[in-house]
Amino acid sequence: MGIQQWYDRRVLPGLIKLACSQGQIMKRRSQLVPLATGAVFELGCGGGINQEMYDPAAITSYAGIDPHAGLLNDTRELASARLGTSVDIREGVGEDIPFAGSSFDTVVCTYTLCSVDDPDKVMSEMRRILKPGGRLLFLEHGRAPDTNVSKWQERIEPVWKRLCGGCHLTRPVGSALRGAGFDVEPLGQGYIPKTPRFAGWNEWGIARKAGA
C-alpha cells in the first residue's frame, strides 16, 4: 500500500468527519436536516454526522450510501438506534445509486458534491430516485462569488484535492442544481465564520424536480 493509499484509507475519513462536524457547520446542518420527511435517502452518510439532526417522527424509512466502508458501521448503529425504522445503508457512489427511481420523498446531500467524480451524473441520479414532488435538501461548499476569493480557490485546488480526498473548491452549487433540472429554493448562503474564505463559501436550501 502506497503512502497516498494509506492516507486516503486510514487518515482521511477521520479528518473529513472532524472537519465536517465543526460548530458552525453543525449549526447549518441543524437548520436543514430536520426538514427531511417520509422515505429518506442520504448521499455520503458515512460517519453518521447528520443522524442527531433527523426528526424520527417525520421519517418512515432511511437509506444511504457512502464510498468509505469503514464509516458505515457507525452510521448503521446510530440510524437504527435513533430512527427506529427501516434502515438500508450500503457502500456505494453517487454516480450509481443502487435504488429504484422515484423511491424517496427526501434526498439529503451535505458536503458531498464537492468530492464526487462526476457531479452532473450524481445530480441526475438524485433527481432520478426522488418521487414526483420530492425534495433534495442540500448544504454544500463551493465556488465563492467574490472574484478575489475564487481566484485563490483555483490556485489552491490542485493541492487541496490531494489532501482532502478529491474535494473541489471551485464547483458551483445552486447554479449547478438548476442546470441539472431542479427548481432551487435558497435557504441561506455565506462564508463560515473563522474559516479561510477560500474554503468557507456555503450554500444551502431545497431543490425540487423542475416542473414536479
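Scroll up a little and you will see the structure.
Anyway, here's the lowdown on the structure attached to this text. All of these numbers come straight from a predicted model, not from anything done at the bench. (Residues numbered from 1 in each chain as written. Predicted model: local features only at pLDDT ≥ 70, side-chain atom pairs only at ≥ 80, totals over all residues. Heavy atoms only, no water.)

### Side note on the sheet that holds strand E3 (residues 86-91)
Rules: Following DSSP output, two strands are said to pair if at least two bridges run between them. Strands here are runs of E lasting at least two residues and helices are runs of H or I lasting at least four, both read from the DSSP assignment and numbered beginning at the N terminus. Angles shown run from 0 to 180 degrees and are taken between the N-to-C directions of axes, each axis being a line fitted to C-alpha atoms and, for helices, limited to the stretch in contact. The criterion used for residue contact is that any of the two residues' heavy atoms lie within 4.5 Å.
In spatial order, the strands read E3-E2-E1-E4-E5-E7-E6; together these seven strands make up an open sheet with mixed pairing. Edge positions in the sheet fall to E3 and strand E6 (182-191), since each has one partner strand and no second. Between one strand axis and the next, the sheet turns through 15° on average, direction left out of account. Looking at chain direction, strand E1 (residues 38-43) and strand E2 (residues 59-66) are connected through six bridges and run parallel. Considered in E2, the bridge of Ala39 is made with Ser61. The strands that helix H3 (residues 72-83) touches are E2 and E3; relative to E3, the one it contacts most, it runs at about 170°.

### Quick look at the environment of Ala63
Put simply, the test is: Summary of the burial criterion: residues with accessible area below 20% of their type's maximum are buried, those above 50% are exposed, and those between are partly exposed, where the area comes from a 1.4 Å probe applied to protein chains only.
In this fold, Ala63 is placed in strand E2. Looking at Ala63, the relative accessible area reads 4%, which means it is buried. In sequence terms Ala63 and Val87 are 24 residues apart; their C-alpha atoms lie 5.7 Å from each other. Dropping the residues within four chain positions of it, Ala63 is found in contact with Val40, Phe41, Glu42, Asp88, Phe99 and Phe104.

### Examining the nonpolar core
Put simply, the test is: We define a nonpolar core as any set of buried Ala, Val, Leu, Ile, Met, Phe, Trp, Tyr and Cys residues linked to one another through side-chain atoms lying within 4.5 Å.
Core analysis: the largest hydrophobic core is formed by 25 residues, its most contacted members being Phe41, Met126 and Leu136. For this core, the secondary-structure elements that each account for two or more residues are E1, E2, strand E4 (104-110), helix H4 (119-129), strand E5 (130-141), helix H6 (174-179) and E6. It is H4 that provides the largest number of residues to this core, a total of four residues. With residues up to four places along the chain from it excluded, the contact list for Phe41 reads Ala63, Gly64, Ile65, Ile97, Phe99, Phe104, Thr106, Val107, Val108 and Ile129. Ile25, Tyr54, Ala79 and Leu83 belong to the second-largest nonpolar core, a separate cluster that totals 23 residues.

### Things to note about the packing of aromatic side chains
Put simply, the rule reads: Ring geometry is summarised as follows: Phe, Tyr and Trp rings, the Trp one being its six-membered ring, pair when their centres sit within 6.5 Å, and such pairs are stacked at plane angles under 30 degrees, edge-to-face over 60 and tilted between the two. Comment: the charge-over-ring label is applied if NZ (Lys) or CZ (Arg) is within 6 Å of the ring centre and within 35 degrees of the ring normal.
What the rule picks out here adds up to six aromatic pairs. Ring plane angle 65° and centroid distance 5.8 Å describe the contact between Phe41 and Phe99, whose orientation is recorded as edge-to-face. Residue Phe41 is found in strand E1, and its partner Phe99 is found in the loop between E3 and E4; the two are separated by 58 residues along the sequence. Per residue, the accessibility class of Phe41 equals that of Phe99, and both read buried. For the ring pair Tyr54 and Tyr62, a centre distance of 5.6 Å and an interplane angle of 70° mean the geometry is edge-to-face. In terms of burial, Tyr54 and Tyr62 fall into one category: buried. Here the guanidinium or amino end of Arg197 rests over the ring plane of Tyr191, the centre of that ring lying 3.9 Å away.

### Some details on helix H2 (residues 23-32)
Going by this rule: The directions from the helix axis to the C-beta atoms form the arc being described.
Those residues of H2 not exposed but buried are Ile25, Met26, Arg28, Arg29 and Leu32. An end-on view of H2 places all buried positions within 160° of arc, on one side of the element.

### Notes on the pattern of salt bridges
Think of it this way: side chains of opposite charge can pair up when their charged atoms draw near. Rules: Salt bridge, as used here: a side-chain nitrogen of Lys or Arg that lies within 4 Å of a carboxyl oxygen of Asp or Glu.
What the rule picks out here adds up to six salt bridges. Among the salt bridges present, the one from Asp88 reaches Arg90, with a minimum N-O distance of 2.8 Å. Asp146 is paired through a salt bridge with Arg197; the nearest N and O atoms lie 3.6 Å apart. Taken as a pair, Asp146 in the loop between E5 and helix H5 (147-163) and Arg197 in helix H7 (residues 197-200) lie far apart in primary sequence, 51 residues in all. We classify Asp146 as partly exposed; its relative accessible area is 30%. Arg197 sits in the partly exposed class, given a relative accessible area of 45%.

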